[in-house]
Amino acid sequence: MSLSAKDKEIVKAFWAKVSGRADNIGGDAVARMLTVYPQTKTYFSHWKDLSPSSAPVRKHGGMVAATITDAVNKIDDLAGSLLTLSELHAFTLRVDPANFKVLSHNLLVVLSTTFPNDFTPEVHVAIDKFLTAVALALSEKYR
Amino acid sequence: MVEWSENERSIISNIFSNLDYNDVGPKALVRCLVVYPWTQRYFSSFGNLYNAEAISTNPKVAAHGIKVLHGLDRALKNLDNIKATYAELSVLHSEKLHVDPDNFKLLSDCLTIVIAGKLGSAFTPEVQATFQKFLAVVVSALGKQYH
């Protein structure tokens, strides 16, 4: 299920539309994840406020969005560009990789609410494949 | 047994009372067949499913999408007894249709995305959580009679 040339084209074209609002989209996705999948809150016990509009949630969402934007630009070498983040998640954060899928799902939901007409089934499948590839690159260093 | 708060009942009821089944049903099934193409294995009698364009204009897909969405009405009317409500449908999907129950989650994820697209910002994290809880209970009930 690797990314075809067509997939990469679709991802880049769609993400170009997203880029101005990436911060908000990332924040929304993290907020949704914490609400809809409360088990994910266990990774953020060091934050005082886990509500959707809290500063740490929005900031973390912004970080996630920036990483994805970067990944789109380096779509031909996801493993290379995400190496450091993979090491961080593997050795320090130790996030169960099953959660990458959870965050991806919530990103898809936010993309759907934000771009109801542009997030067509064809765009959906390309983005889903891309996020899966990102998750795979992120879990590269786990074992 | 699954517990539903008054708020959850009202959220679920609102989603369905404002739902255009003839639009959302087809969209959800089309999305499932496009995003998870292996699900096409259950629809070999539907004719042309060669690409996203063909799938989205296929009348059999549309009709089936509407039928499947109406299947959720039973859960809506029997929130406190979803497991028993779907026992017969579960047997059907297992013994006659031979559908891998993992597919129920795939379709339910696509339905979530379509509803999210329709409701936009009204699909708040709280609404999403409730809707996904509802679908998870239905999915579980549909898989209960497999052995």
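Quick caveat: nothing in here was measured; it's all calculated off a predicted structure.

Peer 1: Could you give me a rundown of the side chain of B:Glu8, with the residues and numbers involved?
Peer 2: Within the fold, B:Glu8 resides in helix α1 (residues 6-17). Setting aside residues up to four positions removed in sequence, B:Glu8 forms contacts with B:Glu3, B:Thr130 and B:Lys133.

Peer 1: Residues and numbers for the UniProt feature "domain: Globin" (unreviewed entry) in chain A, please.
Peer 2: UniProt feature "domain: Globin" (unreviewed entry): in the numbering of this structure it lies at residues 2-143 of chain A. For residues 2-143 of chain A, helix accounts for 69% and strand for 0%, while the C-alpha atoms at its two ends are 21 Å apart.

Peer 1: Which residues make up the interface of chain B and chain A, and what are the values?
Peer 2: Each side of the interface is counted separately: chain B has 20 residues, and chain A has 19 residues. Of the roughly 1,600 Å² buried between chain B and chain A on both sides combined, carbon and sulfur atoms contribute 64%. Ranking the residues of chain B by area buried against chain A places B:Arg31, B:Ile113 and B:Pro125 at the top, with a combined share of 32%. Applying the counting criterion to the chain B and chain A interface returns 0 salt bridges. Taken together, chain B and chain A are joined by 9 residue pairs in polar contact (both at pLDDT 80 or more). Looking at the side of chain B that touches chain A, the elements with two or more residues in it are α2 (21-35), α8 (102-119) and α9 (125-143) of chain B.

Peer 1: Could you give an account of α9(B), naming the residues involved and the relevant values?
Peer 2: With 19 residues, α9(B) ought to run about 27 Å at 1.5 Å a step, and its terminal C-alpha atoms sit 27 Å apart, in line with that. Within α9(B), burial applies to B:Pro125, B:Val127, B:Gln128, B:Thr130, B:Phe131, B:Gln132, B:Phe134, B:Leu135, B:Val137, B:Val138, B:Ala141 and B:Leu142.

Peer 1: Describe unusual backbone geometry, and please don't skip the residues or the numbers.
Peer 2: Positive phi values are uncommon outside glycine, yet A:Arg94 reaches one of about 50°. The phi dihedral of B:His98 is positive, around 55°, even though this residue is not glycine. You can see B:His98 is positioned in the loop between α7 (87-96) and α8.

Peer 1: Mind laying out the packing of helix α2 (residues 22-36) of chain A against helix α3 (residues 55-73) of chain A, listing which residues take part and the relevant values?
Peer 2: Residues and elements named next belong to chain A. Packing of α2 against α3 leaves a shortest axis separation of 7 Å and a crossing angle of 120°. The orientation of α2 with respect to α3, classified from their angle, is oblique. Note on packing geometry: the crossing formed by α2 with α3 is right-handed. Of the residues in α3, those touching α2 at Ala22, Asp23, Asn24, Gly26, Gly27, Asp28, Val30, Ala31 and Leu34 are Val57, Arg58, Gly61, Gly62, Val64, Ala65 and Thr69. Residue composition of the contact of α2 with α3, by class: 7 nonpolar, 6 polar and 3 charged.

Peer 1: Go over the layout of surface pockets with me, naming the residues and quoting the values.
Peer 2: Of the pockets and cavities examined, the largest pocket occupies roughly 1,100 Å³. Residue lining of the largest pocket: 44 residues in total, with A:Lys101, A:Asp128, A:Lys129, A:Thr132 and B:Tyr36 positioned closest to the centre. For the lining of the largest pocket, the leading source of residues is helix α7 (residues 121-138) of chain A, giving 11 residues. Of the residues assigned to the lining of the largest pocket, the class counts are 29 nonpolar, 8 polar and 7 charged. Taken as a whole, the second largest pocket holds about 880 Å³ of empty space.

Peer 1: Any details on the UniProt feature "domain: Globin" (unreviewed entry) in chain B? Residues and values, ideally.
Peer 2: The UniProt entry lists residues 3-147 of chain B under the feature "domain: Globin" (unreviewed entry), expressed in the numbering used here. Structurally, residues 3-147 of chain B is divided into 70% helix and 0% strand, and its ends, taken at the C-alpha atoms, are 26 Å apart.

Peer 1: Requested: an account of the side chain of A:Thr40, with residues and values cited.
Peer 2: All names here are of chain A. Take Thr40: it is sitting in the loop between α2 and α3. Exposure remark for Thr40: the relative accessible area of 1% places this residue in the buried category. A polar contact of 2.7 Å, which involves the side chain of Thr40, links it to the backbone oxygen of Tyr37. Sequence-distant contacts of Thr40, defined by excluding residues within four places in its chain, comprise Met33, Leu34, Asn99 and Val102.

Definitions and limits used
Residue positions are given per chain, counting from 1 as you read along its sequence in written order. In the order they appear in the text, chains get letters beginning with A and ligands get numbers beginning with 1. Thresholds applied to this predicted model are a pLDDT of at least 70 for local features of residues and 80 or more for the giving and counting of side-chain atom pairs; totals over whole chains, interfaces and linings are not thresholded and use all residues. Think of the side-chain values as coming from all heavy atoms in the structure, minus any hydrogens and water. Numbering goes from the N terminus for both helices and strands, where a helix is a DSSP run of H or I of at least four residues and a strand is a run of E of at least two. Pairs of residues are marked as contacts when any of their non-hydrogen atoms sit within 4.5 Å. UniProt positions are given in the numbering used here, feature names are shortened, and annotations may be inferred rather than shown by experiment. We define buried area as the total accessible area lost by two parts upon association, computed with a 1.4 Å probe and summed across both. Just to be clear on terms, a salt bridge is a Lys or Arg side-chain nitrogen sitting within 4 Å of an Asp or Glu carboxyl oxygen. N or O atoms closer than or at 3.5 Å make up a polar contact, with two conditions inside protein: a donor-capable atom paired with an acceptor-capable one, and, for residues adjacent in sequence, both atoms drawn from side chains. What a helix should span is 1.5 Å times the count of its residues minus one. Remark: exposure states derive from per-residue accessible area (1.4 Å probe, protein chains only) relative to the maximum for the residue type, with buried under 20%, exposed over 50%, and partly exposed in between. Axis lines are fitted to C-alpha atoms, over the contacting stretch for helices. Their N-to-C directions set the angle, which ranges from 0 to 180 degrees. Throughout this description, any angle smaller than 35 degrees is read as roughly parallel, any larger than 145 degrees as roughly antiparallel, any in the 65 to 115 degree range as roughly perpendicular, and the remainder as oblique. Should the near helix be turned counterclockwise from the far one by less than a right angle, the crossing is left-handed, whereas a clockwise turn marks it as right-handed. Residues are grouped as follows: Ala, Val, Leu, Ile, Met, Phe, Trp, Tyr, Cys and Pro are nonpolar; Asp, Glu, Lys and Arg are charged; every other residue, Gly included, is polar. Definitions used for this entry: grid spacing 1 Å over protein atoms alone; cavity, a set of points where a 1.4 Å probe fits but cannot get out; pocket, an open set with protein on both sides within 12 Å along at least 5 of 7 lines; lining residue, one with an atom within 4 Å of a point. Grid points are joined across faces, edges and corners, and a volume is the space filled by probe spheres set on the points.

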